[in-house]
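Secondary and tertiary structure notes
Below, each chain spelled out in residue letters.
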Amino acid sequence: MKEKLQDLLLQSLIDQKEIFGDELFETKNLKRRTSVEFEPQTERSEEVKAQKEIIPTKTLSSKKEIIKEIPLIEEPKENWQFSNSLDELNQLICECQKCPLGKTRNKFVFGSGNPNADVLVVGEGPGADEDAQGLPFVGRAGKLLTDILKAINFSREEVYIANIVKCRPPGNRTPLPAEMQSCLPYLKKQIELIKPKAILCLGLTSAHGLLKKKESLTNMRGKVFDFDKTKVMVTYHPAALLRNPNWKRGCWEDVQLFRKLYDELANIK
Ligand code: URA
């Protein structure tokens, strides 16, 4: 019996040498390697692999449980986030110092208009007049905005007007991305409270700030975007129209489309 086994073993070694040369393979290891390589990476196969690597499956699943149990760390909410009205929100944020614009402003420009407006107009940021009065769009650009709204049958009083940043950037420069980023949650809260049907962004800074898109104004004009569940359209900033009156025609076309969108949303025939 022993001799027979020895003969068999010798024969098998001779066969292997013929096929693989001098390298010696153990049948057990060869099988194991190929079977793991072609297994799809399912949870089951992970468990099988773990067993093969002598990791107890108990440890594997309890690791998963621990990961599930680690809570996501949420930023604690600030008081203003619980505001139930625009007035309350304004009171809670008007002393804001989250960005450097807080140091250089005269007045915080929260926004103004109808707190239940169906239309929200969003500009870039306060200029010198707005900074002095604490109200948005009160200078020359503001007068033009009133006329633009009138041209599509909206009065200033029935809409709400706000800006991407609530404090004047020194020298009327474009607000920095970080300044917009720190102020945007306030505008979002205003939108949540006003619940407008449609938003009109004035200029590229306003559109980029709200929609987080990096397209050109030309690309965005005439299109309808979504901000959460609110429809948004984009047109020129009135200050740009004061500098380049040739754009007024384009703005006229944009706001006609905006009025059409609004009428559809409000079901006005
Ligand atoms: N320009 C703006 O973008 N907002 C204002 O409030 C005034 C001028």
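Before going into details, it helps to say that this report is about the structure given with it.

Turning our eyes to something else, we now look at the overall build of the chain. Helix and strand content of the chain: 13 helices and six strands. Within the span of the chain, comprising 269 residues, buried residues form 38% of the whole. Taking the intrachain contacts of the chain between residues at least 6 apart in sequence as the baseline, contacts between residues at least 24 apart amount to 65%. Of the accessible surface of the chain, which amounts to about 17500 Å², a share of 54% is contributed by carbon and sulfur atoms.

Despite not being glycine, Asn153 shows a phi value in the positive range, around 60°. Looking at the secondary structure, you find Asn153 in the loop between helix H8 (140-151) and strand S3 (160-163). At Lys195, a residue that is not glycine, the phi angle is positive and equals roughly 55°.

Going through the model one piece at a time under the given rule, you end up with eleven salt bridges. Residues Glu192 and Lys189 are paired through a salt bridge, measuring 3.1 Å at the closest nitrogen-oxygen approach. Residue Glu192 and its partner Lys189 are located together in helix H9 (residues 177-194), separated by three residues, close to a single helical turn. Lys223 is the salt-bridge partner of Glu215, the closest N and O atoms lying 3.9 Å from each other. Exposure remark for Lys223: the relative accessible area of 38% places this residue in the partly exposed category.

An order of S1-S3-S2-S4-S6-S5 is seen for the six strands of this open sheet, with the pairing classed as mixed. Edge positions in the sheet fall to strand S1 (112-113) and strand S5 (225-227), since each has one partner strand and no second. The sheet contact formed by S1 and S3 spans two bridges and is antiparallel. In the sheet register, Ser112 faces S3, and the bridge partner there is Ile161. Running over the sheet, helix H10 (residues 204-211) touches strand S2 (119-123), strand S4 (198-202), S5 and strand S6 (230-235) and is turned about 130° from S4. Helix H13 (residues 248-265) contacts S2, S4 and S6 of the sheet and is inclined by roughly 170° relative to S6.

Next up on the list: the packing of aromatic side chains. Scanning the model with the defined rule gives three aromatic pairs in all. Between Phe154 and Tyr262 the ring centres are 5.1 Å apart and the planes differ by 80°, which places this aromatic pair in the edge-to-face class. In this pair, Phe154 is assigned in the loop between H8 and S3 and Tyr262 in helix H13, connecting sequence segments 108 residues apart. One cation-aromatic arrangement involves Arg259 over Phe154; the distance from NZ or CZ to the ring centre is 4.3 Å.

Cut-offs used in this document
Residues numbered from 1 in each chain as written. Predicted model: local features only at pLDDT ≥ 70, side-chain atom pairs only at ≥ 80, totals over all residues. Heavy atoms only, no water. Helix = DSSP H or I, 4+ residues; strand = E, 2+ residues; numbered from the N terminus. Buried < 20%, exposed > 50% of the residue type's maximum accessible area, 1.4 Å probe, protein only. Contact = heavy atoms within 4.5 Å. Areas by Shrake-Rupley, 256 points an atom, 1.4 Å probe, with all protein chains shown as cover. Salt bridge = Lys/Arg side-chain N within 4 Å of Asp/Glu carboxyl O. Pairing = 2+ DSSP bridges. Axes fitted to C-alpha atoms, helices over the stretch in contact; angles between N-to-C directions. Phe/Tyr/Trp six-rings, centres within 6.5 Å; stacked < 30°, edge-to-face > 60°. Lys NZ or Arg CZ within 6 Å of the ring centre and 35° of its normal.

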